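Residues per chain are reported as follows:
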Amino acid sequence: MAVAETQLYAKVSNKRRSKSTSALLESLLAKGFPAHIAQKALAATGQKTIEDAAKWLHSHCNDPSLDDPIPQEYALYLCPTGHLHNHLQEFWKESKRQCGKNRAHEIFPHITLCDFFTCEDQKVELLYDTLKRVGDSFSQSFPPFISLSLHSSTSYLGFFVGDSHANILKDFALAFSSEASALADCHVKPCLKQLHLTLAHKFYPHHQKTLEQLAKCINPGEACQWVAALYSRDMRFVHYQTLRALFQYKPQNIDELMINTGDFIYVDPTQQSDVSEGWVIGTSHRTGCRGFLPENYTERANESDTWVKHREYVFVTASRLFTQTENEPNVKLNGGVCNPSMSRSVTNVLSLQNATLRRGVLVMRHGERVDQVFGKSWLQQCLTADGKYYRADLNFPSTLPKRKDSVKHFECDPPLSCCGIFQSKLIGEALLDQEVTVSYVYSSPALRCVQTAQHVLQGLKLDQKVKIRVEPGLFEWTKWEASRVIPNFMTVTELVEASYKIDTSYRGNFPLSSLVPSESYEEYVSRSSAVIKQIITACPSKGKGVILIVGHGSSLASFTRPLIGLPARDSSDFAQAVRKIPSLGMCFCEEIKEENKWQMVNPPVKTLTHGANAAFNWRNGIVED
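Keep in mind that this is a model prediction, so the values were computed, not measured. (Residues numbered from 1 in each chain as written. Predicted model: local features only at pLDDT ≥ 70, side-chain atom pairs only at ≥ 80, totals over all residues. Heavy atoms only, no water.)

Trainee: Please give an account of the overall build of the chain that cites residues and values.
Mentor: Each helix and strand counted, the chain has 17 helices and 20 strands in total. Long-range contacts, defined here as pairs at least 24 residues apart, represent 77% of the contacts in the chain between residues at least 6 apart. (Helix = DSSP H or I, 4+ residues; strand = E, 2+ residues; numbered from the N terminus. Contact = heavy atoms within 4.5 Å.)

Trainee: For the nonpolar core, give the residues involved together with the corresponding values.
Mentor: Residues Leu78, Phe91, Leu127, Phe172, Phe176, Leu199 and Trp226 are the most contacted members of the largest nonpolar core, which totals 51 residues. At seven residues, helix H7 (residues 163-184) tops the list of elements feeding residues into this core. Non-local contacts of Leu127, meaning those with residues more than four positions away in its chain, are made with Tyr74, Phe117, Cys119, Phe176, Ala180, Ala184, Cys186 and Leu230. (Core = buried A, V, L, I, M, F, W, Y, C linked by side-chain atoms within 4.5 Å. Buried < 20%, exposed > 50% of the residue type's maximum accessible area, 1.4 Å probe, protein only.)

Trainee: Got a sec to walk through the layout of surface pockets? Specific residues and values, please.
Mentor: In this structure, the second largest pocket occupies an estimated 680 Å³ of space. Surrounding the second largest pocket, 28 residues form its lining, Ile107, His110, Thr112, Asp115 and His196 being those nearest its centre. When the residues that make up the lining of the second largest pocket are grouped by side-chain class, the tally is 15 nonpolar, seven polar and six charged. (1 Å grid on protein atoms, 1.4 Å probe; cavity = no way out; pocket = protein on both sides within 12 Å on 5 of 7 lines; lining within 4 Å. Points joined across faces, edges and corners; volume = space filled by probe spheres on them. Nonpolar A, V, L, I, M, F, W, Y, C, P; charged D, E, K, R; others polar.)

Trainee: How would you summarise H7 if you had to cite specific residues and measurements?
Mentor: Residues spaced three or four apart along an α-helix face the same direction, because each turn holds 3.6 residues. Compared with an ideal rise of 1.5 Å per residue, which puts 22 residues at 32 Å, H7 spans 30 Å between its outermost C-alpha atoms and is within 8% of the ideal. Three or more residues of H7 are buried, namely His165, Ala166, Leu169, Lys170, Phe172, Ala173, Phe176, Ser177, Ala180 and Ala184. In an axial view of H7, the angular spread of the buried residues amounts to 160 degrees, which keeps them on one side of the axis. Exposed side of H7, more than 90 degrees from the buried face: Asp163, Ser164 and Ala182 are the residues found there. Buried residues belonging to H7 abut strand S1 (72-80), strand S2 (111-119), helix H6 (124-138), strand S4 (156-161) and strand S6 (226-234). One or two residues past the end of H7 sits Asp185, with phi positive at roughly 55 degrees. (Expected span 1.5 Å × (residues − 1). Arc of directions from axis to C-beta.)

Trainee: Quick rundown of the sheet that holds strand S11 (residues 298-300)? Include the residues and the values.
Mentor: Across the sheet, which stays open at both edges, the five strands sit in the order S10-S9-S8-S7-S11 with antiparallel pairing between neighbours. Of all strands in the sheet, those bounded by a partner on one side alone are strand S10 (290-294) and S11. Across the sheet, the axes of successive neighbouring strands diverge by a mean angle of 45 degrees, strand direction being ignored. (Pairing = 2+ DSSP bridges. Axes fitted to C-alpha atoms, helices over the stretch in contact; angles between N-to-C directions.)

Trainee: With reference to specific residues and values, describe the packing of H6 against H7.
Mentor: One can describe the packing of H6 onto H7 by two numbers: an axis separation of 9 Å at closest approach and a directional angle of 145 degrees. Seen along the crossing, H6 lies across H7 with a hand that is right-handed. Contact residues: Leu126, Leu127, Thr130, Leu131, Arg133, Val134, Gly135 and Phe138 in H6; Ile168, Asp171, Phe172, Ala175, Phe176, Glu179, Ala180, Leu183 and Ala184 in H7. Looking at the contact of H6 with H7 residue by residue, the classes come out as 12 nonpolar, two polar and three charged. (Left-handed = near helix turned anticlockwise from the far one by under 90°.)

Trainee: Any details on the packing of aromatic side chains? Residues and values, ideally.
Mentor: Using the criterion set out here, one finds 31 aromatic pairs in the structure. For the pair Tyr77 and Phe116, a centre-to-centre distance of 6.4 Å together with 80 degrees between the ring planes defines the contact as edge-to-face. Linking Tyr77 in strand S1 with Phe116 in strand S2, this pair joins segments that are 39 residues apart in sequence. By relative accessible area, which is 3% here, Tyr77 ends up buried. Aromatic rings pair up to connect Tyr77, Phe108, Phe116, Tyr231 and Trp307 into one cluster. Directly above the ring of Phe116 sits Arg233, whose terminal nitrogen or CZ lies 3.6 Å from the centroid. (Phe/Tyr/Trp six-rings, centres within 6.5 Å; stacked < 30°, edge-to-face > 60°. Lys NZ or Arg CZ within 6 Å of the ring centre and 35° of its normal.)

Trainee: So what's going on with the pattern of salt bridges? Which residues, and what values?
Mentor: Counted according to the given criterion, the structure contains 22 salt bridges. Between Arg236 and Asp234 there is a salt bridge, and its shortest N-O distance comes to 2.8 Å. With a closest N to O distance of 3.6 Å, Arg469 and Asp503 form a salt bridge. With Arg469 in strand S17 (residues 468-470) and Asp503 in the loop between helix H14 (492-497) and helix H15 (521-538), this pair connects stretches of sequence that are 34 residues apart. (Salt bridge = Lys/Arg side-chain N within 4 Å of Asp/Glu carboxyl O.)

Trainee: Can you tell me about the pairing of strand S3 (residues 148-152), naming the residues and giving the values?
Mentor: By the bridge criterion, five bridges tie S3 to S4 in an arrangement that is antiparallel. Counterpart to Ser149 in the pairing with S4 is Phe160. Counting the residues that bridge the hairpin from S3 to S4 gives three residues.

Trainee: Residue-level account of the side chain of Gln122, with values.
Mentor: With respect to the secondary-structure elements, Gln122 resides in the loop between S2 and H6. A residue is classified by how much of its surface remains accessible, and Gln122, at 8% relative accessible area, is buried. Of the polar contacts made by the side chain of Gln122, one reaches the side chain of Glu120; its length is 3.1 Å. (Polar contact = N/O pair within 3.5 Å; in protein donor to acceptor, adjacent residues only side chain to side chain.)

Trainee: Can you tell me about the packing of helix H3 (residues 35-44) against helix H4 (residues 50-59), naming the residues and giving the values?
Mentor: Helix packing geometry: the angle between the two helix axes and the distance between the axes. For the pair H3 and H4, interaxial distance at closest approach is 9 Å and the crossing angle is 115 degrees. The orientation of H3 with respect to H4, classified from their angle, is roughly perpendicular. Handedness of the crossing formed by H3 with H4: right-handed. Facing Ile37, Lys40, Ala41, Leu42 and Ala44 of H3, the residues of H4 in contact are Ala53, Trp56 and Leu57. Classifying every residue of the contact of H3 with H4 by side-chain character gives seven nonpolar, no polar and one charged. (Parallel < 35°, antiparallel > 145°, perpendicular 65-115°, else oblique.)

Trainee: If you had to explain a nonpolar patch on the surface to someone new, which residues and values would you point to?
Mentor: A cluster of nonpolar side chains, Phe616, Trp618 and Ile622, forms an exposed patch at the surface whose accessible area comes to about 410 Å². With respect to the secondary-structure elements, Trp618 resides in the segment after strand S20 (597-601). The class of Trp618 is partly exposed, set by a relative accessible area of 46%. (Patch = residues over 30% accessible without salt bridge, like charges linked within 9 Å, V, L, I, M, F, W, Y side chains within 5 Å. Areas by Shrake-Rupley, 256 points an atom, 1.4 Å probe, with all protein chains shown as cover.)

Trainee: Give a description of the pairing of S6 that names residues and reports values.
Mentor: Side chains on a regular strand alternate between the two faces of the sheet. Across the nine residues that make up S6, a large majority, nine, are buried. By the bridge criterion, nine bridges tie S1 to S6 in an arrangement that is antiparallel. Residue pairing across strands places Gln72 opposite Asp234, the latter belonging to S6. Bridge count for S6 against strand S12 (residues 308-314) is six bridges, and the pairing is antiparallel. Bridge pairing in S12 places Tyr231 opposite Lys309.

Trainee: Can you explain unusual backbone geometry? Please cite residues and give values.
Mentor: The phi torsion at Lys202 lies on the positive side, around 55 degrees, for a residue other than glycine. Tracing the backbone through its elements, the reader meets Lys202 in the loop between strand S5 (196-201) and helix H8 (208-215). Overall, the relative accessible area of 60% leaves Lys202 in the exposed class. Within the chain, Ser499 stands out as a residue other than glycine whose phi angle is a positive 75 degrees. Following the sequence through the fold, Ser499 ends up in the loop between H14 and H15.

Next up, the structure:
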């Protein structure tokens, strides 16, 4: 146990315990649960129903921390409802789509009244009583609407609360904190600085203008009922990442974690360095158990997804000062003119912004490579005594393309597996369904990348219209080549003879001879930056076509970051990020020509996730004991 946790347990255990019990607690005690565990279950579920608490206790029967006296952390937020809340949610959605996730997306729209504080499980009901009493005392003085003005900087965007209304909210927060601190024996600190409702936080500076345009079409005077809500979270996992399980996983080994679809898992990023590739170690929010789980069974969740709402106080006020009708003229909002109908939805703004987008760059990792499944000695499994290739497993390619030199060069330049071919076609079909227009295709000289590009084009039904430009400069960081030499790639002539749709007129920016074995990270970053700039320059900016770049796991960061104006990652951080990129992982950048910049947005298609399928021998376990 960590020293900090030991001190926390001691501090909590030594506090005086209240003897008050609720009807819910009495029901759990009657079922035979110890008082401290019953109180823990009630606090963890918001003290709503006996069924919720009993379900929590059943799920946590193997939780090693069940007896630990660590309380929940609580916070008091003022949250909007009604039309304003709906438009804020639209902003959340569209800002994430256009500019990617920022810190504000981790939590729902709110104004913080009292930041997180701890309260012993048996005293939580006193917080509920305090919220009700203080709410009643302020119900008549609560403003009919809250004055909000837009504030923007290079890393923050949000609404500031007007001084007169902020003073009322601060008085409310101070009254709650004073009474809660006295009654529940906890330290509650009210927020007395500038009150605000955050729209975006810790975003890339070049996204500021786009976010401002979206924010200016939120009318802060929209009909809104404000609610003071008390939330809790598990204080042990405050600095962890939260993952959501996409699929069920049943453990194969004793140290693995059982997860159900929809489960939340807490993962400490600092504890993942020694974990096998493709796996993470985490703690289940549902069960409290800890173990290993496959990372590709999960997706990132929001920090607040595991929070519990305990109680809320709804401020019932008079109607807002004026209600706008659709027939009223345009009004000026936050320094910009916005039509009332537009304030009801940001989609009109999006259509205007999309008109300014010219080109897109889709950077994609290749599909599943054959040695990824069968290991580095895969070729030995497929060669007869006289050196002829045969298909030893259905996931091996049916044939290998012909090349003039030795077939053994495929060991360092492996092809796609059959599943890799299927993956690539599936992505192409998905791009076709989304009506993505691919105008140019660039590929690393690695065979697996050329094959991926070919099958993506087949899925797009463009394999007879768009040819592949083989660019040696797109090859991965050569330091990662196990052979410590540049692979002997198939020539353009050999690829054409093997029926790959290659642009034979294209001359690469970096000839193969310029690739240096075991290049430094700085050399790789410099090469990648130069290549992506030369590709952008070579592709005319007219129209809205997408430039498809098929490369390696390292390609996603090394080609998109210089495009959107970000510096290269530290080499160790870069390696950690690359190891998590799956087959056909992709990044998408769009050009905003009027601003002479590029921005990263969500790819046009969903990710492709699937499980492992091990080799099977029917004799084992079926015929033989």
